[in-house]
Amino acid sequence: MNEKPLETLRDFFASIAGYLPTFFAGFLVLLLGAVAAWVGSKFVVRLLILMRLDRVIGRMRWGRAMQQGDVRHALFGFVGNIFGLLVFLVFLDNAVTIWQLTVVSNLLERMVLFVPQLLTVTIIILVGASLASAASRAVQRTLNNEGFERAQLVGRVVRGAILVVAAAIALVELNIAVNIVTGAFLLAFGALCVGFMI
């Protein structure tokens with residue numbers, strides 16, 4: 001209460017003036033992040049087009065539908081935007097750290113670390129679905145050639161089993177119910193071994 005109003009006002013402006021270099025440094029990092037994100041997204045789109053991934057996608061069943069709808073470049077743009085967002089989040093995390101906003105910085109770090117896990121899970125699910133469809137068709141074709149009556153049912157069971165394995169791998173990658181998934185697979189594997197022994 002003994003402090004004079006002018007002194008407190010002077011201290012207030014002095015603290016603002018002392019924080020300005022930190023603010024501008026963080027803002028500069030943010031601007032660099034925006035430029036790097038834009039350049040990175042364009043680079044990824046160009047790279048995907050140069051790698052001719054549209055031909056690889058066209059060989060898959062759902063890839064033909066994408067070719068008919070001509071959404072291949074939209075898919076490449078989506079992947080490029082995801083990459084650009086990830087780069088921007090890294091720069092934003094650095095800017096927030098410079099601004100000494102610890103809680104926001106910790107939240108952004110978790111988000112940045114979660115994005116690669118999410119991409120890995122997406123790849124696992126896509127590969128699992130492709131393998132499940134291919135294995136189901138191969139089993140059905142083989143059993144039909146042998147004259148087996150329930151070929152379609154066995155093919156569906158094989159497809160379902162592979163999808164369950166892919167979903168379990170995705171859950172473990174996301175650290176969701178790891179103990180439950182591991183226990184369920186140990187029980188299922190044990191039941192299969194007992195079934196083959198009998």
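See the structure shown above.
All of the points below concern the structure found in this document. Keep in mind that what you see is a predicted model, and the values were worked out from it rather than measured.

Moving on, we come to the overall build of the chain. From N to C terminus, the chain includes seven helices and zero strands. Along the chain, from the amino end to the carboxyl end, the secondary structure elements read α-α-α-α-α-α-α. Taken over 198 residues, the chain has a buried fraction of 19%. Long-range contacts, defined as pairs at least 24 residues apart, comprise 60% of the intrachain contacts of the chain with a sequence gap of at least 6. Entry remark: accessible area of the chain is about 14,600 Å², with carbon and sulfur atoms responsible for 70%.

Let us now look at the environment of V90. Its place among the elements puts V90 in helix α4 (residues 72-98). Sequence spacing of V90 and E109 is 19 residues, and the spatial spacing of their C-alpha atoms is 7.9 Å.

A few words now on a nonpolar patch on the surface. Side chains of I16, L20, F23, F24, F27 and L31 sit close together on the surface and give an oily, nonpolar patch of about 530 Å² of accessible area. Along the chain, the position of I16 falls in helix α1 (residues 5-50). A relative accessible area of 37% places I16 in the partly exposed class.

This part covers the nonpolar core. Counting residues in each nonpolar core, the largest one holds eight residues, listed as V29, L30, L89, A95, V96, W99, L108 and V112. Elements with a contribution of two residues or more to this core: α1, α4 and α5 (102-145). By residue number, the principal contributor to this core is α4, which donates three residues. In this structure, V96 is in contact with L101, V104, S105 and L108, ignoring residues within four places of it in sequence.

To continue, consider the environment of L163. With respect to the helices, strands and loops of the structure, L163 is situated in helix α6 (residues 151-173). In sequence terms L163 and I125 are 38 residues apart; their C-alpha atoms lie 7.9 Å from each other. Each residue touching L163, except ones within four places of it in the same chain, is listed here: G128, A129 and A132.

Across the interface, α5 lies against α6 with an axial gap of 8 Å and an inter-helix angle of 165°. On the basis of their axis angle, the class for α5 and α6 is roughly antiparallel. Considering how the two elements wind past one another, α5 and α6 form a crossing that is right-handed.

Further remarks concern α5. Given 3.6 residues to a turn, an α-helix orients residues that are three or four positions apart in the same direction. Over its 44 residues, α5 extends 65 Å from the first C-alpha to the last, a length consistent with the 64 Å expected when each residue adds 1.5 Å. At the exit of α5 stands G147, carrying a positive phi of roughly 80°.

What counts and how
Residues numbered from 1 in each chain as written. Predicted model: local features only at pLDDT ≥ 70, side-chain atom pairs only at ≥ 80, totals over all residues. Heavy atoms only, no water. Helix = DSSP H or I, 4+ residues; strand = E, 2+ residues; numbered from the N terminus. Buried < 20%, exposed > 50% of the residue type's maximum accessible area, 1.4 Å probe, protein only. Contact = heavy atoms within 4.5 Å. Areas by Shrake-Rupley, 256 points an atom, 1.4 Å probe, with all protein chains shown as cover. Patch = residues over 30% accessible without salt bridge, like charges linked within 9 Å, V, L, I, M, F, W, Y side chains within 5 Å. Salt bridge = Lys/Arg side-chain N within 4 Å of Asp/Glu carboxyl O. Core = buried A, V, L, I, M, F, W, Y, C linked by side-chain atoms within 4.5 Å. Axes fitted to C-alpha atoms, helices over the stretch in contact; angles between N-to-C directions. Parallel < 35°, antiparallel > 145°, perpendicular 65-115°, else oblique. Left-handed = near helix turned anticlockwise from the far one by under 90°. Expected span 1.5 Å × (residues − 1).

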